[in-house]
Amino acid sequence: MSFAARARFAPERAVPDAALGDPLWRAAGRRRGMTVGLYGGSFDPAHEGHVHVALRALRRLSLDEVWWLVSPGNPLKLKAGRVSAPLADRVAGARSLARHPRLRVTTIESRFGTRFTLDTVRALKARRPHIRFVWIMGADGLAELHRWRGWRELMAELPLLVIDRPGYGARAAAAPAARRFARHRLPEARARALPRTAPPAWVLLHGRLDPRSATEIREGRRPRPAAAPPRRPPPR
């Protein structure tokens, strides 16, 4: 996921828009009142599970677009000694899958020079204050959120949409971030209001679960089966 910065974001050192050279970024500058989901990650590799998450977010929140922020590097994974595939390869893989007209793939994070999610979000908000951003992540991400740098500040910057994943729902709901911001959790029935809700605010969406993960695909493992719905007791 979009994580961190070679240097902490500072407005006085921000790269001028003209130097960014990202067509998506230029187009976003001309559209006001947009609601945009930010879906950050390494996408190493991108797979249909990513599409599943992005489309669910797009539909359930009535977003105008979802931007896939392909991260130059994930500090948590780098710390664990894992090296990602080249950025260009990961971007090409993401673009081959994100074919819906409202799914956009961008390397804006590498153009900003940021790596920490908090810095990227602040840079986006400072440059496009007319866009309502929502951060999108899987339930596995919420379970690990407390390990991110500035995670409390991140929750105060923009609303958070969490998509349930097989085997992570209970862990996510009991995670430090979920407990810390429990009173700011919206019920699923109010998910559509999330983009216009002042942060901190978050929603955990349940529903059909996609078992695919980039790690399993990369390592050639079979994905875990999706969680089956609870069985109803036989009628008495």
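Keep in mind that what you see is a predicted model, and the values were worked out from it rather than measured.

(A) Focus on the overall build of the chain. Counting secondary structure elements, the chain contains 12 helices and six strands. Here the chain holds 236 residues, and the buried ones make up 50% of them. As presented, the chain carries roughly 11,800 Å² of accessible surface, and 52% of it is formed by carbon and sulfur atoms.

(B) Layout of unusual backbone geometry. In this structure, the amide linkage connecting Asp 44 to the following residue, Pro 45, adopts the cis form with an omega of 5°. The topology assignment puts Pro 45 in the loop between strand E1 (35-41) and helix H3 (48-60). Here the bond from Pro 199 into Pro 200 is cis, since omega is 0°, no more than 30 degrees from zero. Topologically, Pro 200 is positioned in the loop between helix H11 (176-180) and strand E6 (202-205). At Phe 43, a position not held by glycine, the phi torsion is positive, near 50°. Note that Phe 43 resides in the loop between E1 and H3. The backbone phi angle of Ser 62 is positive, close to 55°, even though this residue is not glycine. Relative to the elements of secondary structure, Ser 62 occurs in the loop between H3 and strand E2 (65-70).

(C) Spotlight on the confidence of the model for the chain. In this model, the chain carries an average pLDDT of 81, and 72% of its residues clear a pLDDT of 70 or more. Looking across the chain, the model is least confident in helix H12 (residues 214-218), with a mean pLDDT of 46, and most confident in helix H9 (residues 151-157), with 98. Taken together, the stretch residues 1-15 has pLDDT below 50 and engages in 59 contacts with residues farther than four places along the chain or on a different chain. The low-confidence segment residues 220-236 (pLDDT under 50) makes 18 contacts with residues lying over four places distant or belonging to another chain.

(D) Focus on the sheet that holds strand E5 (residues 160-163). With respect to topology, six strands assemble into an open sheet ordered E3-E2-E1-E4-E5-E6, the strand pairing being parallel. The sheet is open, and its two edges are formed by strand E3 (103-106) and E6, each paired on a single side. Put simply, the sheet's adjacent strands are angled 25° from each other on average, direction ignored. Bridge count between E1 and E2: six bridges; the pairing is parallel. When the sheet's bridge partners are listed, Gly 41 is paired in E2 with Val 70.

(E) Region of the structure containing the nonpolar core. In terms of nonpolar packing, the biggest core is built from 34 residues, with Leu 38, Trp 67, Trp 135, Leu 142, Leu 145, Leu 160 and Trp 202 touching the most fellow members. Leu 58, Val 134, Leu 186 and Leu 194 belong to the second largest nonpolar core, which has 30 residues in total.

(F) Geometry of the pairing of E2. Within E2, six of the six residues are buried, which leaves it mostly tucked inside the rest of the structure. Side chains of E2 alternate between two faces, with Glu 65, Trp 67 and Leu 69 and Val 66, Trp 68 and Val 70 buried alike. Sheet topology note: the E2/E3 ladder contains four bridges and is parallel. The partner of Leu 69 across the bridge, within E3, is Thr 106.

(G) Representation of the packing of aromatic side chains in the model. Considering all chains together, one arrives at five aromatic pairs under this definition. Aromatic side chains Tyr 39 and Trp 68 sit 6.1 Å apart centroid to centroid with 80° between the ring planes, which places their arrangement in the edge-to-face category. Of this pair, Tyr 39 sits in strand E1 while Trp 68 sits in strand E2, and the two are 29 residues apart along the sequence. Assigned by exposure class, Tyr 39 and Trp 68 land together as buried. Aromatic pair Phe 43 and Trp 68: ring centres 5.1 Å apart, planes at 5°, arrangement stacked.

Criteria and thresholds
Residues numbered from 1 in each chain as written. Predicted model: local features only at pLDDT ≥ 70, side-chain atom pairs only at ≥ 80, totals over all residues. Heavy atoms only, no water. Helix = DSSP H or I, 4+ residues; strand = E, 2+ residues; numbered from the N terminus. Buried < 20%, exposed > 50% of the residue type's maximum accessible area, 1.4 Å probe, protein only. Areas by Shrake-Rupley, 256 points an atom, 1.4 Å probe, with all protein chains shown as cover. pLDDT = per-residue confidence, 0-100. Contact = heavy atoms within 4.5 Å. Pairing = 2+ DSSP bridges. Axes fitted to C-alpha atoms, helices over the stretch in contact; angles between N-to-C directions. Core = buried A, V, L, I, M, F, W, Y, C linked by side-chain atoms within 4.5 Å. Phe/Tyr/Trp six-rings, centres within 6.5 Å; stacked < 30°, edge-to-face > 60°.

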